[in-house]
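The lines below spell out each chain.
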Amino acid sequence: DKDEMLDLNGLPSSFENALVFFLAGCVVRNFRHGKKIKHSMMVHPCHKMDNHVIVYEKIEAYFSQIKYNLSHNNQSGQMFAGKVMNQVNLFNQHINVTVQDVYETLKKTQLHLVNSREQCNDLHSKMKLLPYHIVIGGNMLDRGITIDGLAVTYMIRMARVGQADTLLQRARWFGYKESYIDLCRVYMPVELKRQFEKLIELEDSVWDFLYMCDKNNLIPKNIDANILTPEGMKAVAANKASIVTSS
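Report follows, based on the coordinates. All chains use their own residue numbering, which begins from 1 and follows the written sequence. Predicted model: local features are reported for residues with pLDDT of at least 70 only, side-chain atom pairs are reported and counted for 80 or more only, and whole-chain, interface and lining totals are derived from all residues. Side-chain metrics in this entry use all non-hydrogen atoms of the structure; hydrogen atoms and water are not considered.

Next up on the list: helix α9 (residues 190-215). Every α-helix winds through 3.6 residues per turn, so residues three or four apart in the chain are directed the same way. Helix numbering and strand numbering both begin at the N terminus, where a helix is a DSSP run of H or I of at least 4 residues and a strand a DSSP run of E of at least 2. Residue count minus one, scaled by 1.5 Å, sets the expected span of a helix. Look at α9: 37 Å from first C-alpha to last across 26 residues, which is about the 38 Å you get at 1.5 Å a residue. Along α9, the positions that sit buried rather than exposed are L192, Q195, F196, L199, L202, F209 and C213. One or two residues past the end of α9 sits N217, with phi positive at roughly 55°. A simple rule labels every residue: compare its accessible area, found with a 1.4 Å probe on the protein chains alone, to the largest value its type can have, and call it buried under 20%, exposed over 50%, or partly exposed in between.

Next up, the structure:
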């Protein structure tokens, strides 16, 4: 999918699936909470800023084509709208969605390019203009930027050597999302999914250790304990840790 995302051809089918899920979530959240909500999607393709522009322009062109198809109610537009309608129906069978509704939702969706070349300080101001947003970028999305109403993440960036702390920083889908947790979805390659699964196992083991200390009135810093990182992954950068043992 990464190669498809960055080449000069169309977008991968997985992105269309993510977009359909996202747009359906926009419709459902508007039905549940009204027009004041923010619903967002993050696209994290790679770290190279030139590639961010490629992805941004491809998504922008794709949006323009879908809007044209929907506005003319042609066969392609009806097929795309049908996918969104079917997804909405899976969330709530009582929401009646038309092709026009899908078109209006897409018109209210704003694209943002976020990297060090762009002026990102006013991102939150820009996000006040419309209710739905797709944010595209790389390293700047790892930390320091909060994406209001983040529900869908499309991440295809893989690191040569997984670094646990960096991987967790990229996982911007954490937060207070109970009111729309059913509308949240993360799309990523299988290998990246495995890395996050390993991190969950690691975190569970850390919590088990802390619970054990609490139960036995022990002070963690006084115990000689090893935090085992998953195979093929570093806990942190070398300058942040003196000893790292791989499992």
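Following the sequence through the fold, Q65 ends up in helix α3 (residues 49-71). For the pair Q65 and G77, spaced 12 residues apart in the sequence, the C-alpha separation amounts to 9.1 Å.

Moving on, we get to the pattern of salt bridges. A side-chain nitrogen of Lys or Arg and a carboxyl oxygen of Asp or Glu constitute a salt bridge if their distance falls within 4 Å. One pass over the structure, following the stated rule, counts 5 salt bridges. The closest approach of N and O atoms between D182 and R32, which form a salt bridge, is 2.6 Å. One end of the pair, D182, is in the loop between α8 (164-170) and β6 (185-187); the other, R32, is in helix α2 (residues 13-33), with 150 residues separating them in the sequence. Where E191 meets R194, a salt bridge forms, and the shortest distance between an N and an O atom there is 3.2 Å. On the criterion of helical spacing, the pair formed by E191 and R194 is a turn pair, its members being 3 residues apart in helix α9. Under the relative-accessibility criterion, R194 is labelled partly exposed at 42%.

With that out of the way, let us pick up the packing of aromatic side chains. Centres within 6.5 Å are what make two rings of Phe, Tyr or Trp a pair, Trp counting through its six-membered ring; a difference in plane orientation under 30 degrees is then read as stacked, over 60 as edge-to-face, and the rest as tilted. Tallied over the full model, the rule gives 5 aromatic pairs. Relative to Y154, the ring of F15 has its centre 5.5 Å away and its plane inclined at 90°; by these criteria the two rings are edge-to-face. One end of the pair, F15, is in helix α2; the other, Y154, is in strand β4 (residues 150-155), with 139 residues separating them in the sequence. We classify F15 as buried; its relative accessible area is 0%. On the accessibility criterion, Y154 (1% relative accessible area) is buried.

A cluster of nonpolar residues, W207, L210 and Y211, forms a patch on the protein surface that exposes about 320 Å² of accessible area. With respect to the secondary-structure elements, L210 resides in helix α9. Given the relative accessible area of 33%, L210 is considered partly exposed. What goes into a patch is any residue over 30% in relative accessible area without a salt bridge, connected to like charges within 9 Å or, for nonpolar side chains (Val, Leu, Ile, Met, Phe, Trp, Tyr), within 5 Å. Per-residue accessibility takes into account occlusion by the displayed protein chains alone, with areas from the Shrake-Rupley method and a 1.4 Å probe.

Another point: the packing of α3 against helix α5 (residues 99-107). Pairs of packed helices are described in terms of their axes, by the angle between the two and the distance that separates them. Fitted lines through C-alpha atoms serve as axes, helices being fitted only where they are in contact, and the angles separating the N-to-C directions of these axes extend from 0 to 180 degrees. Running from amino to carboxyl end, α3 crosses α5 at an angle of 150°, the nearest separation of the two axes being 9 Å. Accordingly, the angle class assigned to the pair α3 and α5 is roughly antiparallel. Read as a crossing pair, α3 and α5 show a hand that is left-handed. For the pair formed by α3 and α5, the contact residues are F63, I66, K67, L70 and S71 on the first element and V99, V102, Y103, L106 and K107 on the second. The classification used treats Ala, Val, Leu, Ile, Met, Phe, Trp, Tyr, Cys and Pro as nonpolar, Asp, Glu, Lys and Arg as charged, and all other residues, Gly among them, as polar. Across the contact of α3 with α5, the residue classes break down as 7 nonpolar, 1 polar and 2 charged. Roughly parallel means an angle under 35 degrees; roughly antiparallel, over 145; roughly perpendicular, 65 to 115; everything else is oblique. Left-handed is the label given to a crossing in which the near helix is rotated counterclockwise from the far helix by less than a right angle, and right-handed is the label when the rotation is clockwise. A contact between two residues is defined here by any heavy atoms of the two lying within 4.5 Å.

Below, the discussion takes up the packing of α2 against α3. Relative orientation of the contacting elements α2 and α3 amounts to 60°, with a least axis distance of 13 Å. The orientation of α2 relative to α3 falls into the category oblique. Both α2 and α3 take part in a crossing whose hand is right-handed. Contacts from F15, E16 and L19 of α2 reach α3 at I59, Y62, F63 and I66. In the contact of α2 with α3, the residues fall into 6 nonpolar, no polar and 1 charged.

Glancing now at α5. If you check which residues of α5 are buried, you get V99, V102, Y103, T105 and L106. One face of α5 carries all of its buried residues, which in axial projection span an arc of 160°. Where α5 is buried, its residues touch α2, α3, α4 (75-91), β2 (109-114) and β3 (132-137). Think of the arc as the fan of directions from the helix axis to the C-beta atoms.

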